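Next come the chains, spelled out residue by residue.
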Amino acid sequence: MAHALIIASTFSDLWNPNGLWIVATAAATNCACALVGCYLVLRRMSLMGDALSHAVLPGLAVAFILSGAYDIGPLMIGAVAAGLLSTFLIQTLHQYARVPSDASMGVVFTGLFALGVVLIKKGIPPGVHFDIACVYQGTLELTPFDTVSLLGHEVPRAFAVTAGVFLLNAAIIGALWKEFKLSAFDPALATTMGFSASLLHYLLMALVAITAVASFEAVGSILVVAMLIIPPATAHLLSDRLAPMVLISLLVAIAAAILGYILGTLLNTNLAGMITVAAAGLFGLAVLFAPQHGVVSALARNLSVSLRVVREDLLAMLYRIEELGSPRRLAAAEASAAVGGGWLARLGLGGLVREGSVTRTGNRLDLTPAGREAARQLVRSHRLWETYLVKHLGLPLDHVHEPAHRVEHFIGDQMREQLQQELDAANKDPHGREIPE
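Quick caveat: nothing in here was measured; it's all calculated off a predicted structure.

What counts, and at which threshold
Residues numbered from 1 in each chain as written. Predicted model: local features only at pLDDT ≥ 70, side-chain atom pairs only at ≥ 80, totals over all residues. Heavy atoms only, no water. Helix = DSSP H or I, 4+ residues; strand = E, 2+ residues; numbered from the N terminus. Rg over C-alpha atoms; globule rule 2.2 N^0.38 Å. Buried < 20%, exposed > 50% of the residue type's maximum accessible area, 1.4 Å probe, protein only. Contact = heavy atoms within 4.5 Å. Areas by Shrake-Rupley, 256 points an atom, 1.4 Å probe, with all protein chains shown as cover. UniProt positions renumbered as here; feature names shortened; annotations may be inferred. Domains from an automatic or database assignment. Buried area = accessible area lost by both parts, 1.4 Å probe. Salt bridge = Lys/Arg side-chain N within 4 Å of Asp/Glu carboxyl O. Nonpolar A, V, L, I, M, F, W, Y, C, P; charged D, E, K, R; others polar. Axes fitted to C-alpha atoms, helices over the stretch in contact; angles between N-to-C directions. Parallel < 35°, antiparallel > 145°, perpendicular 65-115°, else oblique. Left-handed = near helix turned anticlockwise from the far one by under 90°. Patch = residues over 30% accessible without salt bridge, like charges linked within 9 Å, V, L, I, M, F, W, Y side chains within 5 Å. Core = buried A, V, L, I, M, F, W, Y, C linked by side-chain atoms within 4.5 Å.

K.L.:
Tell me about the overall build of the protein chain, and name the residues and values.
P.N.:
If you tally the helices and strands in the protein chain, you get 19 helices and 4 strands. Taking 2.2 N^0.38 as the reference for a compact globule, 437 residues should give roughly 22 Å; the C-alpha atoms of the protein chain span a radius of gyration of 32 Å, well beyond that estimate. Here the C-alpha coordinates of the protein chain stretch approximately 100 × 70 × 35 Å along the principal axes. Every one of the 437 residues in the protein chain was classed for burial, and the buried ones make up 44%. In the protein chain, the share of contacts with a sequence separation of at least 24, taken over all contacts with a separation of at least 6, comes to 70%. Accessible area of the protein chain: about 21800 Å², with a carbon and sulfur share of 66%.

K.L.:
An account of the UniProt feature "domain: Iron dependent repressor metal binding and dimerisation" (unreviewed entry) in the protein chain is requested, with residue identities and associated values reported.
P.N.:
In the UniProt entry, the feature "domain: Iron dependent repressor metal binding and dimerisation" (unreviewed entry) is given for residues 368–437. Here residues 368–437 is 60% helix and 0% strand, with 18 Å between the C-alpha atoms at its ends.

K.L.:
Describe the domain arrangement of the protein chain, listing the residues and the values that go with them.
P.N.:
Here the protein chain is partitioned into domain 1 (1–293), domain 2 (294–367) and domain 3 (378–436). Here the C-alpha centroids of domain 2 and domain 3 sit 22 Å apart. With 9 residues of domain 2 in contact, the opposing surface of domain 3 contributes 10 residues. Of the roughly 770 Å² buried between domain 2 and domain 3 on both sides combined, carbon and sulfur atoms contribute 51%. The interface formed by domain 2 and domain 3 includes 1 salt bridge. Here Arg-383 makes a salt bridge to Glu-323, at a shortest N to O gap of 2.8 Å. Residues that form the side of domain 2 that touches domain 3 fall into these classes: 4 nonpolar, no polar and 5 charged.

K.L.:
Now, about the packing of helix H12 (residues 242–267) against helix H13 (residues 271–289): what can you tell me, with residues and values included?
P.N.:
One way to put it is that H12 packs onto H13 with a least axis distance of 7 Å and a crossing angle of 125°. Comparing the axis directions of H12 and H13 gives the class oblique. Seen from above, H12 lies across H13 with right-handed handedness. The segment H12 lies against H13, with Val-252, Ala-255, Ala-256, Ala-257, Leu-259, Gly-260, Tyr-261, Leu-263, Gly-264, Thr-265 and Leu-267 engaging Leu-271, Met-274, Ile-275, Ala-278, Ala-279 and Leu-282.

K.L.:
Just give me the short version of the UniProt feature "transmembrane region" (unreviewed entry) in the protein chain, but keep the residues and values in it.
P.N.:
UniProt annotation of "transmembrane region" (unreviewed entry) refers to residues 20–42, 49–66, 72–90, 102–120, 158–177, 218–238, 245–264 and 270–291 when read in the numbering used here. For residues 20–42, the end-to-end C-alpha separation is 32 Å, with 100% helix and 0% strand making up the annotated structure. In residues 102–120, the share of helix is 100% and the share of strand is 0%. The end C-alpha atoms are 27 Å apart.

K.L.:
With reference to specific residues and values, describe the environment of Gly-281.
P.N.:
In this structure, Gly-281 sits in helix H13. Separated by 51 residues in the primary sequence, Gly-281 and Ile-230 place their C-alpha atoms 9.8 Å from one another.

K.L.:
I'd like a description of a nonpolar patch on the surface, backed by residues and values.
P.N.:
Together, Leu-285, Leu-288, Phe-289, Val-295, Val-296 and Leu-299 give the surface a local cluster of nonpolar side chains, amounting to about 540 Å² of exposed area. Given the relative accessible area of 37%, Leu-288 is considered partly exposed.

K.L.:
Lay out the nonpolar core with the relevant residues and their values.
P.N.:
Among the nonpolar cores identified, the biggest contains 78 residues, and Leu-40 and Met-48 are the most heavily contacted of them. Of all the elements, helix H11 (residues 197–238) adds the most residues to this core, at 21 residues. Once residues within four sequence positions are removed from consideration, Leu-40 is found in contact with Met-45, Ser-46, Met-48, Gly-49, Leu-204, Met-205, Val-208 and Leu-228. Membership of the second largest hydrophobic core comes to 20 residues, among which are Tyr-319, Leu-344, Ala-345 and Val-379.

In structure tokens form, the structure reads like this:
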């Protein structure tokens, strides 16, 4: 009871007004990044977000030197100009100088980043504070204390900026949904249909640059780069369709903000870093358990297929022994050894006995009527495929068993019917054995 009260008190302390604004700001930032990040991931340009987040530094420095203020307007203009310049240079180096895309990206963003550092050191007058650490680490914990008036309510300035950028990204992507979708999967086709893939590319890069700059002060470049990649990559593991991918990436972005805030507050550490860790954890779960592409899911599917193949091999083997007319029957150990032995064979045989396809009497295994019918269909598929390989592909007799043994497990009723028609209702396989009806 005491522990429950402590936990309840701790979570009550977490969700104070300042905590809620921190979560809202992080969620708005994450969603703004995830929205444009989906297209970066689909176009295999995930590192472009990292490149732009570094390459905008000279733009920020120049804007600050010229304006002498931290106003978001000049900084945004400088960052977008630097982002578009870096995109142009990367494209030019790759397209006209034959520099590989990864090398051109690395050269441009490191060069512009170094230029930004030089400008800050030499161009900003002494005594003027330009906090580079803020660009990397952000000041998410302090966002509730810097407010602006919005529709008559005081809201954190960082939330107003990042939420506005999210709405801007959503509006542009929503308005150009078809064009962005087509250019993401087939830029050449998009250009052929009248949608300039280059123009859409530069528009996307401009959105990425705007999103990165708007998010720097609140969450820092580490979280920006992470949120441009991790939520979309997580969503891509969970869905192969664009609309669900975008929706899932937004949900992952919000979940990472909430989890990261809770863990960061409880552990008393940097919130932006912990939000990134939380997002990485969600990505790790998707890598393991995604229904189609997860490692564990793939292992489970492979195990299921392997077990089905072993069970079907056992049924077909018992059927062929019955077909010989011999009174002898296999014992469980002999049958398991004949299909490779091991735990998989024992598991498959046990499953056949439990489902009623095979009966075990002492050391004798027999097919039940249900097991015999399943085995008959499998042997029919095997012999039809052998006959097809000989008749239509001209394979010699000693080359048809192995291919038929592999394919027989994946031939359904419709394909068996098609094979039967192609073979003119043949009733004997190339070895002279009867093809079961």
